[in-house]
Amino acid sequence: MSRALFVCAVRIAALSALLQPASAVAEEQEFQLWTMASAETAVAPDTPLVADIGYRLRDDASGDDQFLIRASADTTLTPLVRLGGGVAHFETGGVVEWRLFERVTLARRGFALRSQFEQRFYDDGDRTELRLRERIQHSWRLDPKTRLAASGEWLLRLRNKRQGGDTGTDQLRANIAVTRELGRGIEATAGYLLIYHPVADEPNVLAHVPQISVLRRF
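Residues numbered from 1 in each chain as written. Predicted model: local features only at pLDDT ≥ 70, side-chain atom pairs only at ≥ 80, totals over all residues. Heavy atoms only, no water.

Chemist: What exactly am I supposed to notice about unusual backbone geometry here?
Modeler: With glycine set apart, most residues show a phi of negative sign, and most peptide bonds adopt trans. Notably, R184 is not glycine yet its phi reads approximately 60°, a positive angle. The exposure class assigned to R184 is exposed, which follows from its relative accessible area of 77%. Its identity as a non-glycine residue notwithstanding, D201 has a phi of 60°, on the positive side. Secondary-structure assignment places D201 in the loop between β10 (186-197) and β11 (204-217). (Buried < 20%, exposed > 50% of the residue type's maximum accessible area, 1.4 Å probe, protein only. Helix = DSSP H or I, 4+ residues; strand = E, 2+ residues; numbered from the N terminus.)

Chemist: Looking at this structure, how should I read the environment of R184?
Modeler: As for its position among the elements, R184 is in the loop between β9 (168-183) and β10. Separated by 32 residues in sequence, R184 and R216 place their C-alpha atoms 8.2 Å apart.

Chemist: Help me understand the sheet that holds strand β8 (residues 146-159), please; the structure alone is not making it clear to me.
Modeler: Read once around its circumference, the closed barrel built from eleven strands follows the order β1-β2-β3-β4-β5-β6-β7-β8-β9-β10-β11, with strand pairing classed as mixed. This sheet shows a mean twist of 20° between the axes of neighbouring strands, independent of strand direction. In this structure, strand β5 (residues 95-108) lies alongside strand β6 (residues 111-122), joined through twelve bridges in antiparallel fashion. Along β6, the bridge assignment pairs R108 with F111. (Pairing = 2+ DSSP bridges. Axes fitted to C-alpha atoms, helices over the stretch in contact; angles between N-to-C directions.)

Chemist: What am I meant to see in the environment of W154 here?
Modeler: Its place among the elements puts W154 in strand β8. Classification of W154 by relative accessible area gives partly exposed; the value is 30%. Placed 16 residues apart in sequence, W154 and D170 show a C-alpha to C-alpha distance of 8.0 Å. Among the polar contacts made by the side chain of W154, one reaches the side chain of T169 at a distance of 3.1 Å. (Polar contact = N/O pair within 3.5 Å; in protein donor to acceptor, adjacent residues only side chain to side chain.)

Chemist: How do you make sense of a nonpolar patch on the surface when you look at a structure like this?
Modeler: Residues L77, L80, L83, V104 and L106 make up a contiguous nonpolar surface patch of roughly 400 Å² in combined accessible area. Along the chain, L77 falls in the loop between β3 (66-76) and β4 (81-92). (Patch = residues over 30% accessible without salt bridge, like charges linked within 9 Å, V, L, I, M, F, W, Y side chains within 5 Å. Areas by Shrake-Rupley, 256 points an atom, 1.4 Å probe, with all protein chains shown as cover. Salt bridge = Lys/Arg side-chain N within 4 Å of Asp/Glu carboxyl O.)

This is how it looks when you write it as structure tokens:
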């Protein structure tokens, strides 16, 4: 087994272990629908710039709906390494978050390992919240115009926006999505995201999230 496959196998095993509830506390089920419209253009060779506008519909258990605007860019340093980052604006029930993020992605033979560091600025927070996101993804070409991707992600809160607030695992995510190229630079994606959110001394949360997105390349 190659080193890349070995690393992927270890991370998948670790994610599977983390997804097992740490206690017998019951889980609360939530349902959401995430939609996204994106535009992409190249600002330099091997450096796409992507702008996103999204709306996340949530049921009563999940809280208020969420609106987001995001811009990001990634550049290819070597055939294996991509470096990128961006900025995002979120509005949730009157609470505003600005987010800066930096990321590095290692990609080879359909596998992609991404590490992303986030600085989150809330208008109702005591300080900047810090979060680390580790994602492993594999994609397959089903036919010349259709791709399938599956991923697992660990979101680790390093510092809470509240003094004395909880740190540690924020979320665990599993995602599967199909992308279809429609022509004229347009592609559509339909996916399903499962989010596990451990909550101290309360029922843990399991969110079911269908996803629909459209991307236009210029």
